[in-house]
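# Fold and contact review
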Amino acid sequence: MTDFPTSAKAVIIGGGIVGCSTAYHLAKLGWTEVVLLERKKLTSGTTFHAAGLVGQLRSNANITQLLGESVKLYRTLEEETGLGTGWKMNGGLRLACNEERWTEVKRQATTARSFGLDMQLLTPSEAKELWPLMTTDDVVGAAYLPTDGQANPSDITQALAKGARMSGAKIYEDTKVLEIDLQDGVIKGVKTEKGYIACEKVIVCGGQWTRDFAKTVGVNVPLVPVENQYMVTERIDGVTPDLPTLRDPDRLTYYKEEVGGLVMGGYEPDPVPWAVDGIPEGFHYTLLDSDFDHFEQLMELALGRVPALQTAGVKQLINGPESFTPDGNFILGEAPELRNFFVGAGFNGYGIAAGGGAGMALAEWVANGEPPFDLWPVDIRRFGRPHFDTDWVRTRTLEAYAKHYTMAWPSEEHSSGRPCRKSPLYDTLKANGACFGEKLGWERPNWFARPGEEPRDIYSFGRQNWFDAVGEEHRAAREAAVLIDQTSFAKFALKGPDAEAALGWIAANDVSGPPGKLTYTQMLNDRGGIECDLTCLRVAADEYYIVTGTGFATHDFAWIARNIPAGMNAQLVDVTSAHAVLSLMGPRARDILQSVTRDDVSNAALPFGRAALIGIAGCPVRALRITYVGELGWELHLPVEYALTVYDALTQAGAAHGLRDAGYRAIESLRLEKGYRAWGADIGPDHTPDEAGLGWAVKMRSNIDFKGRAAVARQRAEGVRKILAGFTAAPEVILSGRETIFRNGERVGWLSSGGYGYTIGRSIGYGYVRAGHPIDADYVLSGEYALEVATERVPCEVHLRPLHDPQGERIRA
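Residues numbered from 1 in each chain as written. Predicted model: local features only at pLDDT ≥ 70, side-chain atom pairs only at ≥ 80, totals over all residues. Heavy atoms only, no water.

## What to know about the overall build of the protein
In terms of regular secondary structure, the protein is built from 18 helices and 39 strands. For the protein, whose C-alpha radius of gyration is 27 Å, the value lies close to the compact-globule estimate of 28 Å for 813 residues. In terms of overall dimensions, the protein has C-alpha extents of about 80 × 65 × 55 Å along its principal axes. Each of the 813 residues in the protein was classed as buried or not, and the buried ones make up 61%. Within the protein, residue pairs in contact and separated by at least 24 positions form 72% of the contacts whose partners lie at least 6 positions apart. Element-wise, carbon and sulfur atoms account for 49% of the exposed surface of the protein, whose accessible area totals about 30,000 Å². Side chains of the protein give 83 positive and 103 negative charges; the mean places of these two sets differ by 5 Å. (Helix = DSSP H or I, 4+ residues; strand = E, 2+ residues; numbered from the N terminus. Rg over C-alpha atoms; globule rule 2.2 N^0.38 Å. Buried < 20%, exposed > 50% of the residue type's maximum accessible area, 1.4 Å probe, protein only. Contact = heavy atoms within 4.5 Å. Areas by Shrake-Rupley, 256 points an atom, 1.4 Å probe, with all protein chains shown as cover. Lys, Arg positive; Asp, Glu negative; His and termini not counted. Charge placed at Lys NZ, Arg CZ, Asp CG, Glu CD.)

So this is what it looks like as structure tokens:
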């Protein structure tokens, strides 16, 4: 091993499809000092037994784009490397066997068109022409994506490895990594069985081994291995090489052609976890024992679709463990716990479909310090505290696995591993009829059942059972007052003599000012994209209290901590669990609040955008005059041990003013009417403040430099090519996001948010109007618009002003 390297720019650990794809793309970027280490042989972990279906459509535009990058790569890889890949663009069929599934498929077809994919809707007879072996007696309709396909997992991985070597990367098999060399929290290199390699960056693409390996350096990767089976048949008459892949979600199964026979597998409702006590030493190129009894449920469903399986010879029932995650999305990115430690793992059975694009995204993330586009649905920073416990991760992951082919309902909640994190008010709100949702382990009231109603979601693609109850909460917020438990907010303290200077660099808005000043701000990347959207309270000359969304706790903490300039004395601490939050909102909020405190909460004493420490029932309460619902109100932040006491005081005082409990679904409806943006939907790293209508919150008039300032200035000089707009449609139109926006008959974008406004009595959506040239408000407002909803076009109106209280008079009352 005289040629074994002693140094590298980056070391990739794991030689499956994702590791090899990452090496390929890094080398293509000119990173020739890239070393990939595989403890056994390439593909010998889980890649070798993957089924090899390549579908593209996902519910997120950028993840769909990423899977499209896989297809683009696989089409040319064989020609580039001279190695066969087994790639066939034979198209993909998806069946619908009941009206609800047909609605889902039609919505998926609209989503596909929104994202630029040609998904065609077919009749049962048209579907049968493409796939003659199936019975279609129960089929309502089908969708066909001509650009989907299939590949041979081992061949495509070997081709990627050869492509990586051709561009200068080095790949070493039979080379086990023993440990990562960390010195004072900084990666210095990796120790292997064959020697030491000095390096700055480590990329772990270790499949089901990733969680345990990453844990050795304090990094949390929430995935677990689950058994996944599929059957390979002998040749079947009528199976041709160009047979499309077939997904039959109502029967939980999928099919693809292989050497004149079929591969048939699926996702059963009672998955079997594997290696609960650890992966056996030396496990590689190994399949598990076939479990015919467990597979029988899928076989019975499949026989009803493909009768030829009754007489087909069975070559093999393959049972191989694969890594799955708690939300069914894979895991990419730089670990929040450790700089220069990157992860690409947890591909939930679609690693071949994602491998090409995921390797591209991960390579760019490593090379440029940020992903090529917003990848929030798969970002490693989406996880939080519950995900440190492997048993909790496994419980939730098994639920996600079982839902792989079940209906993807709007507003659907997970049920496993609950309750986990509870506000002190949980039992009280439950007794009051709360129907809870969950985010990052937190139980949060979504809505409150009225007397005689069961606090349980009943899902559908129409108006769901909670629609009227949420309407009452919405109207109470507009006409009287509501109290909302928002204890799950993520909360940070930034403290130190350089706190203002550090936050001033990271925040786009001006956070200077006296204690008590509240600042709503974005935090931008170097492209001007919005990485965080949050509120900062100046507590003291050397301290800020920062509040952000529940689901963004890990992401936003990491973004702020990583961007405090070197040498500045400012420490960031997560104080989420120390503070409960009660949001008191509505036109009667001041009457209620003033009746429980001796402190002056008049508009003169406590105007909008200010905060003060007030006393309620013996509790010191930090009252933040701010709103996300478009009404007069306060977020009341207080020590958790006082939560019940303050809640009781407010509810007793509020009874005479019509105060009632409200939940997060009312918040959503209220914020849509007011035009408030939601990070992760309406705004994110791909959207700038000027595009999102938030340019007013950027301190460009000051001489203060801040991260992203140059990009904002450049865009202001050149103009924007997309603008976030509001759309309203008839109340019977159900908008849930991803519906296609048409301007003057041309597709110009899709909805990022959708819902209903009870005050205005209209369905509401938000989305970017896009153009290939600079545009302005006049351009947006001058068009004639329509939305495509489940493949049908409906008329709509466009808006650039809030639909409720456009002047903001109510929030400043």
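## Brief notes about the side chain of asparagine 220
Note that asparagine 220 resides in the loop between helix H6 (210–215) and strand E13 (224–233). Polar side-chain contacts of asparagine 220 include one of 2.9 Å to the side chain of arginine 211. For asparagine 220, the contacting residues outside a window of four places in its chain are Arg211, Glu337, Ile380, Gly384, His387 and Phe388. (Polar contact = N/O pair within 3.5 Å; in protein donor to acceptor, adjacent residues only side chain to side chain.)

## Notes on helix H8 (residues 351–368)
Between its first and last C-alpha atoms H8 spans 24 Å; for 18 residues at 1.5 Å apiece the expected length is 26 Å, and the two agree. In H8, a bend of some 35° at glycine 357 exceeds every other bend along the element. Positive backbone phi, at 80°, marks glycine 369, one or two positions downstream of H8. (Expected span 1.5 Å × (residues − 1). Bend = angle between axes of the 7 residues up to and from the residue.)

## Considering unusual backbone geometry
Following arginine 418, the chain continues into proline 419 via a peptide bond in cis, with omega recorded as -10°. Note that proline 419 resides in the loop between helix H9 (390–402) and helix H10 (426–431). Backbone geometry at leucine 252 places phi at a positive 60°, although glycine is not the residue there. On the basis of relative accessibility, which here comes to 16%, the residue leucine 252 falls in the buried class. Within the chain, arginine 738 stands out as a residue other than glycine whose phi angle is a positive 80°. One can find arginine 738 in the loop between strand E33 (720–729) and strand E34 (740–743). By relative accessible area, which is 31% here, arginine 738 ends up partly exposed.

## Notes on the sheet that holds strand E17 (residues 314–324)
Strand pairing in a sheet takes place through backbone hydrogen bonds and is either antiparallel or parallel in direction. Strand order in this open sheet of eight strands is E5-E6-E4-E14-E15-E16-E13-E17, and the pairing throughout is mixed. Strand pairing shows two members of the sheet lacking a second neighbour, strand E5 (120–122) and E17, which therefore form its edges. Neighbour-to-neighbour, the strand axes of the sheet open up by a mean angle of 25°, direction not taken into account. For strand E15 (residues 253–258) and strand E16 (residues 261–266), the ladder comprises six bridges, and the chain directions are antiparallel. Across the sheet, glutamate 258 pairs through a bridge with glycine 261, a residue of E16. The strands touched by H9 are E13, E16 and E17; relative to E13, the strand with the most contacts, the crossing angle is about 30°. (Pairing = 2+ DSSP bridges. Axes fitted to C-alpha atoms, helices over the stretch in contact; angles between N-to-C directions.)

## Here's the deal with the sheet that holds strand E22 (residues 481–485)
Across the sheet, six strands lie side by side as E29-E30-E31-E28-E22-E32; this open sheet has mixed pairing. Among the strands making up the open sheet, the edge pair consists of strand E29 (611–616) and strand E32 (659–661). On average, each strand axis in the sheet is inclined to that of its neighbour by 25°, with strand direction left out of account. As judged from the three bridges shared by strand E30 (residues 619–624) and strand E31 (residues 633–639), these two strands associate in the antiparallel manner. Note that in E31 the partner of arginine 622 across the bridge is histidine 637. Against the sheet, helix H15 (residues 643–654) contacts E22, strand E28 (579–585), E29, E30, E31 and E32, and its axis sits at roughly 10° relative to E28.

## Things to note about the environment of proline 146
With respect to the element layout, proline 146 can be found in the loop between strand E6 (141–145) and strand E7 (149–150). Accessibility expressed as a relative area gives 24% for proline 146, which makes it partly exposed. Put simply, proline 146 and leucine 93 are 53 residues apart on the chain and 8.6 Å apart in space, counted from C-alpha to C-alpha.

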